[in-house]
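Observations on chain architecture
Listed below are the residues making up each chain.
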Amino acid sequence: GAGVSQSPSNKVTEKGKDVELRCDPISGHTALYWYRQSLGQGLEFLIYFQGNSAPDKSGLPSDRFSAERTGGSVSTLTIQRTQQEDSAVYLCASTRSGVYNEQFFGPGTRLTVL
Amino acid sequence: GESVGLHLPTLSVQEGDNSIINCAYSNSASDYFIWYKQESGKGPQFIIDIRSNMDKRQGQRVTVLLNKTVKHLSLQIAATQPGDSAVYFCAERFGNEKLTFGTGTRLTIIP
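Residues numbered from 1 in each chain as written. Chains lettered and ligands numbered in written order. Predicted model: local features only at pLDDT ≥ 70, side-chain atom pairs only at ≥ 80, totals over all residues. Heavy atoms only, no water.

Another point: the overall build of chain A. Assigned secondary structure in chain A consists of zero helices and 10 strands. Since a compact globule built from 114 residues should have a radius of gyration of about 13 Å, the 13 Å found for chain A is in line with a globular shape. The principal-axis extent of the C-alpha atoms belonging to chain A is close to 40 × 25 × 25 Å. Relative to its full complement of 114 residues, chain A shows a buried share of 48%. Here the analysis covers contacts within chain A between residues at least 6 apart in sequence; of these, 54% occur between residues at least 24 apart. (Helix = DSSP H or I, 4+ residues; strand = E, 2+ residues; numbered from the N terminus. Rg over C-alpha atoms; globule rule 2.2 N^0.38 Å. Buried < 20%, exposed > 50% of the residue type's maximum accessible area, 1.4 Å probe, protein only. Contact = heavy atoms within 4.5 Å.)

Printed below as a string of structure tokens:
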């Protein structure tokens, strides 16, 4: 596709439910990132996939958060037993392999936990 | 460094004036730096990048300055326009490691 796409664009869920957020990176991009952005705040790194290497999960805030990337392309971020503090915009970005390459961001998924 | 749970600093500039947004990065070994612009309701968009072997790079109306001695990065926007109002993030990377974002600065252009 032309850019990074994310779905859904908005998700409203009830506290305690599980949610899955999807990211379709730009074709051929080997690296994929997930970030969380609370209202009016900066970007909080969550997880980083680079090719076939083990993902860097150092930013995941709790064991309720997990992500996978199937076939080196599409990624799914799963939040189990959602809490109100999980409400935020979840951004995905991808980049080509190599050091000097910018990240391209998707439009984000706005998650609201009631 | 990473921005976690921090409220954004703000900068207000009169339309037509130049603006300078500053960023202190954390890793002295970082060799690649990027500035992003994020408009309301959108994902961050690339503005300009610079490698560590350079100290200045110019784009259209934007200039990035890198001072490795004090680990400081700045973004200069010339002749600001209302469309420049956004949040600006710097980011750093070392090798093939993950990109690390700074806190971000909210720039408001006053008509």
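The structure having been displayed, the exposition proceeds.
Turning to the pattern of salt bridges, a few remarks are in order. Oppositely charged side chains can form a pair if their charged atoms are brought close together. Tallied over the entire structure, the rule returns seven salt bridges over all chains. A salt bridge links Glu 14 of chain A to Lys 17 of chain A; the shortest N-O distance between them is 3.7 Å. Looking at Lys 17 of chain A, the relative accessible area reads 45%, which means it is partly exposed. A salt bridge links Glu 39 of chain B to Lys 42 of chain B; its shortest N-O distance comes to 3.9 Å. Residue classification places Lys 42 of chain B among the partly exposed positions, given a relative accessible area of 46%. (Salt bridge = Lys/Arg side-chain N within 4 Å of Asp/Glu carboxyl O.)

With that settled, the discussion passes to the environment of Asp 31 of chain B. Its location among the elements puts Asp 31 of chain B in the loop between strand 2 (19-24) and strand 3 (32-38). Sequence separation between Asp 31 of chain B and Arg 51 of chain B is 20 residues; the distance between their C-alpha atoms is 5.7 Å.

Any pair of aromatic rings gets described here by the distance separating the centres and the angle formed by the planes. Summed over all chains, the structure comprises 10 aromatic pairs over all chains. Ring centres 5.9 Å apart and planes at 10° place the aromatic pair Tyr 33 of chain A and Tyr 35 of chain A in the stacked group. Considered together, Tyr 33 of chain A and Tyr 35 of chain A belong to a single accessibility category, that of buried residues. When the ring of Phe 105 of chain A is compared with that of Phe 101 of chain B, the centres are 5.8 Å apart and the planes differ by 75°; the resulting orientation is edge-to-face. Within this pair, whereas Phe 105 of chain A is found in strand 9 (residues 104-105), its partner Phe 101 of chain B is found in strand 9 (residues 100-101), the two belonging to separate chains. Classification of Phe 101 of chain B as buried rests on a relative accessible area of 2%. One aromatic cluster in this structure is built from Tyr 33, Tyr 35, Phe 45, Tyr 48 and Phe 105 of chain A together with Tyr 36, Phe 89 and Phe 101 of chain B. (Phe/Tyr/Trp six-rings, centres within 6.5 Å; stacked < 30°, edge-to-face > 60°.)

Glancing now at the sheet that holds strand 5 (residues 56-58) of chain B. Residue and element names in this part refer to chain B. Strand order in the open sheet formed by four strands is 2-7-6-5, and the pairing between neighbours is antiparallel. Two strands lie at the open edges of the sheet, namely strand 2 and strand 5, each paired on one side alone. The mean inter-strand angle of the sheet, taken between neighbouring strand axes irrespective of direction, is 15°. Bridge count for strand 5 against strand 6 (residues 62-67) is three bridges, and the pairing is antiparallel. (Pairing = 2+ DSSP bridges. Axes fitted to C-alpha atoms, helices over the stretch in contact; angles between N-to-C directions.)

Turning our attention to the pairing of strand 4 (residues 45-51) of chain B. The pairing of strand 3 of chain B with strand 4 of chain B spans six bridges and is antiparallel. From the neighbouring strand, Ile 34 of chain B faces strand 4 of chain B, where its bridge partner is Asp 49 of chain B.

A word on the interface of chain A and chain B. Between chain A and chain B, the residue contacts involve 23 residues of the former and 27 residues of the latter. Inspection of the chain A/chain B interface yields zero salt bridges. At the boundary of chain A and chain B, one finds three residue pairs in polar contact (both at pLDDT 80 or more). Every element with two or more residues in the side of chain A that touches chain B is listed here: strand 4 (31-37) and strand 5 (44-50) of chain A. (Polar contact = N/O pair within 3.5 Å; in protein donor to acceptor, adjacent residues only side chain to side chain.)

A word on the sheet that holds strand 6 (residues 65-69) of chain A. Residues and elements named next belong to chain A. Spatial strand order, 1-3-7-6: four strands in an open sheet with antiparallel pairing. Pairing within the sheet leaves two strands with one partner each, and these edge strands are strand 1 (5-7) and strand 6. Each strand of the sheet is rotated relative to its neighbour by a mean of 15°, with strand direction disregarded. Taken together, the five bridges between strand 6 and strand 7 (residues 75-79) define a ladder with antiparallel strand orientation. Across the sheet, the residue bridging to Ala 67 is Leu 77, located in strand 7.

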